[in-house]
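Residues per chain, in single letters:
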Amino acid sequence: MNHLPFEKELLEMADKDLSVRGKLLEAGELSGGYHPEMERIHRANAQRLREIILEIGYPTIPKVGEKASEAAWLIIQHAIGEPEFMKECCIMMEESGGDINPANKAYLYDRIQVFQSKPQKYGTQLTAERAIYPVENKDNLNEERKKVHLPALSKEEISNIPEPEEIPEIDSKDAGYVVWRKKVGWI
């Protein structure tokens, strides 16, 4: 199967996402909520990726190449206003087995958990204060990370991870974030 047109298109979509993000970051416009321009790009990219998935299934490495599969993951990872799409893609990634980067699956799983105010499994997501968001099991964290080819965390890093019981307090520090997650259906 030759999906070269999708390869090029996926790369262009991810590049546009990152380009606009960089421009907004440089202008100091990315803090204070979901920027409307970024949201428009994320939604448009997610819609186009849905269409590609309907045609070829999940964009795995054998179907579109490694870089384009990474681009598809980035598009999914940034589709934060579309919880069901992100969850469906997480399932598709799980079903893809070794045909995708396992670290991407870990990042997406953790991101979904955090948006739902649940502990993450791999410790890939951070709080607003740049601390690792609570995890399901600190004792097995490095073993889980190893399974998906993520580097081990130090004992100090793991000991500094807040406990899952602290999630309500962590999440409550940004009322706008909670309101937004309710609005789009995360919580």
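Residues numbered from 1 in each chain as written. Predicted model: local features only at pLDDT ≥ 70, side-chain atom pairs only at ≥ 80, totals over all residues. Heavy atoms only, no water.

Novice: How should the overall build of the protein be read in this particular structure?
Specialist: What the protein contains, in helices and strands, is 10 helices and zero strands. N-terminal to C-terminal, the α/β element order of the protein is α-α-α-α-α-α-α-α-α-α. In terms of C-alpha radius of gyration, the protein reaches 17 Å, essentially the compact-globule figure of 16 Å for 187 residues. In terms of principal-axis extent, the alpha carbons of the protein reach across some 50 × 35 × 30 Å. Of all 187 residues assigned to the protein, the portion counted as buried reaches 44%. Residue pairs in contact within the protein that sit at least 24 positions apart in sequence constitute 57% of those at least 6 positions apart. As displayed, the protein has an accessible area near 10,300 Å², and 52% of this comes from carbon and sulfur atoms. Of the charged side chains in the protein, 25 are positive and 33 negative, and the gap between their average positions amounts to 1 Å. (Helix = DSSP H or I, 4+ residues; strand = E, 2+ residues; numbered from the N terminus. Rg over C-alpha atoms; globule rule 2.2 N^0.38 Å. Buried < 20%, exposed > 50% of the residue type's maximum accessible area, 1.4 Å probe, protein only. Contact = heavy atoms within 4.5 Å. Areas by Shrake-Rupley, 256 points an atom, 1.4 Å probe, with all protein chains shown as cover. Lys, Arg positive; Asp, Glu negative; His and termini not counted. Charge placed at Lys NZ, Arg CZ, Asp CG, Glu CD.)

Novice: So what exactly am I meant to see when it comes to the state of the cysteines here?
Specialist: Note on terminology: a disulfide is the covalent bond linking the sulfur atoms of two cysteines. Here the structure, examined in full by the defined rule, presents zero disulfides. Just so you know, cysteine 89 is unpaired, no disulfide at all, and the nearest cysteine sulfur is the one on cysteine 90, 8.8 Å from it. The class of cysteine 89 is buried, set by a relative accessible area of 0%. Judged by its relative accessible area of 12%, cysteine 90 is buried. (Disulfide = S-S within 2.5 Å.)

Novice: How should the pattern of salt bridges be read in this particular structure?
Specialist: Think of it this way: side chains of opposite charge can pair up when their charged atoms draw near. Here the structure, examined in full by the defined rule, presents 13 salt bridges. For lysine 8, the salt bridge is made with glutamate 12, and the minimal N-O distance between the two is 2.7 Å. Of this pair, lysine 8 and glutamate 12 both sit in helix 1 (residues 4–26), four residues apart, which is roughly one turn of that helix. Under the relative-accessibility criterion, lysine 8 is labelled exposed at 53%. (Salt bridge = Lys/Arg side-chain N within 4 Å of Asp/Glu carboxyl O.)

Novice: What exactly am I supposed to notice about helix 4 (residues 66–77) here?
Specialist: At 3.6 residues per turn, the α-helix brings residues three or four places apart onto the same side. Over its 12 residues, helix 4 runs 16 Å from end to end, which matches the ideal 16 Å to within 8%, given 1.5 Å per residue. When helix 4 is considered as a whole, its buried residues turn out to be Ala68, Ser69, Ala71, Ala72, Trp73, Leu74, Ile75, Ile76 and Gln77. (Expected span 1.5 Å × (residues − 1).)

These results come straight from atomic positions and should not be treated as a statement about function.
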